[in-house]
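These are the residues of each chain, in order.
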Amino acid sequence: MVKIAVPNKGRLNGPVVELLNKAGIRVDSSRKLVSRYKDIEVLFVRTQDIPELVRDGAAELGITGLDLVEETGADVKVSLKLGFGRTRLVLAAPKNLGLRSPKDVKVGVKVATEFPKLTAKYFKQLGKKVEIVTVSGATEVTPYLGVADLIVDLVSTGTTLELNNLKIIDTIMDSEAVLISNKSYRNDNMAVSLSSVINAQSKRYIMVNVPRKNLAKVEKIIPGMQSPTVMDLADGNFVAVHSVVDEDKVFATIKKLKMIGCKDILVLPIERLVS
Ligand code: AMP
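Heads up: these notes are all about the structure in this document. (Residues numbered from 1 in each chain as written. Predicted model: local features only at pLDDT ≥ 70, side-chain atom pairs only at ≥ 80, totals over all residues. Heavy atoms only, no water.)

Points about a nonpolar patch on the surface
No. 1: On the surface, Tyr144, Leu145 and Val147 cluster together into a nonpolar patch covering about 370 Å² of accessible area.
No. 2: Inspection of the secondary structure puts Leu145 in helix α5 (residues 142–145).
No. 3: By relative accessible area, Leu145 is classed as exposed at 57%. (Patch = residues over 30% accessible without salt bridge, like charges linked within 9 Å, V, L, I, M, F, W, Y side chains within 5 Å. Areas by Shrake-Rupley, 256 points an atom, 1.4 Å probe, with all protein chains shown as cover. Salt bridge = Lys/Arg side-chain N within 4 Å of Asp/Glu carboxyl O. Helix = DSSP H or I, 4+ residues; strand = E, 2+ residues; numbered from the N terminus. Buried < 20%, exposed > 50% of the residue type's maximum accessible area, 1.4 Å probe, protein only.)

Shown next, in the form of structure tokens:
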């Protein structure tokens, strides 16, 4: 039995449950604390508790934000970046302060954040002494309330900062959801399984009938992973070529294939891709 700790709610819960289901781990997301599937036990816990639970061995594996792993400083292994929950931790200031770079930050200012350790480390590296005010949410309103001069907070689109008249001065770290594991856990089955789903998401399987005389050209357009699969068609003039293409190149690829007389083009999703 292997235990994996995942967010019980919040912005990472939905994408994590979807990823596990796609990887064939049937997760019952009906707000249960534990969901069992075959030899995997999925524990639904608070996102911010996951790094420490994995460090302490309450679960061998966990999925959480890299920002939280860094903030807790938990000694765990980051096994895989999952490509969602992308965000960045930034230093932001009210626009009317006229700050343009971290160098303009005055010694002794108050900085509100939910990430006191990362903030302290950042200002230490800058060689600036500031006062850190730890908050547990709504960081962006603290300058307006007079609680702080600056903030360190997570942003994705920047809309919330804009709404609060704040401007980004510096990026402290980039973050996304990650698979973490206990330092003494050596099995990489989960990482392999999740990465096969992630790899497949950005790829498409393409099937096309190609005039035999243009086969060499087609092999250049859709080279695939090793090389494309080529099959004879009964009529002798055409061959069927199967290959894998990047999702964002599908449209351009189809155009090129049509220009050299290819027909009957099928594009299919891929469930898993293990390379
Ligand atoms: P939760 O508080 O459970 O909604 O999860 C917060 C985690 O979601 C953060 O630690 C980040 O890893 C991730 N995240 C992704 N985008 C954002 C964002 N724009 N604001 C806050 N957290 C984000």
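Having seen it, we continue.
Some points on the sheet that holds strand β7 (residues 110–113)
No. 1: Reading across the sheet, the 5 strands line up as β8-β7-β9-β6-β10 and stay open at both edges, with mixed pairing between neighbours. The outermost strands of the open sheet, each flanked by one partner alone, are β8 (131–134) and β10 (166–175). The mean inter-strand angle of the sheet, taken between neighbouring strand axes irrespective of direction, is 25°.
No. 2: Relative to strand β9 (residues 150–155), β7 runs parallel, the two being bridged by 3 bridges. Each residue of the ladder has a partner; that of Thr113, found in β9, is Val152. (Pairing = 2+ DSSP bridges. Axes fitted to C-alpha atoms, helices over the stretch in contact; angles between N-to-C directions.)

Some remarks on the layout of surface pockets
No. 1: In this structure, the largest pocket encloses a volume near 1,000 Å³.
No. 2: Top element by residues in the lining of the largest pocket is helix α3 (residues 66–72). It accounts for 4 residues.
No. 3: Across the lining of the largest pocket, the residue classes tally to 8 nonpolar, 17 polar and 10 charged.
No. 4: In this structure, the second largest pocket spans a volume of roughly 150 Å³.
No. 5: It is helix α7 (residues 189–201) that contributes the most residues to the lining of the second largest pocket, 3 residues altogether.
No. 6: Considering only residue class, the lining of the second largest pocket consists of 6 nonpolar, 3 polar and 1 charged. (1 Å grid on protein atoms, 1.4 Å probe; cavity = no way out; pocket = protein on both sides within 12 Å on 5 of 7 lines; lining within 4 Å. Points joined across faces, edges and corners; volume = space filled by probe spheres on them. Nonpolar A, V, L, I, M, F, W, Y, C, P; charged D, E, K, R; others polar.)

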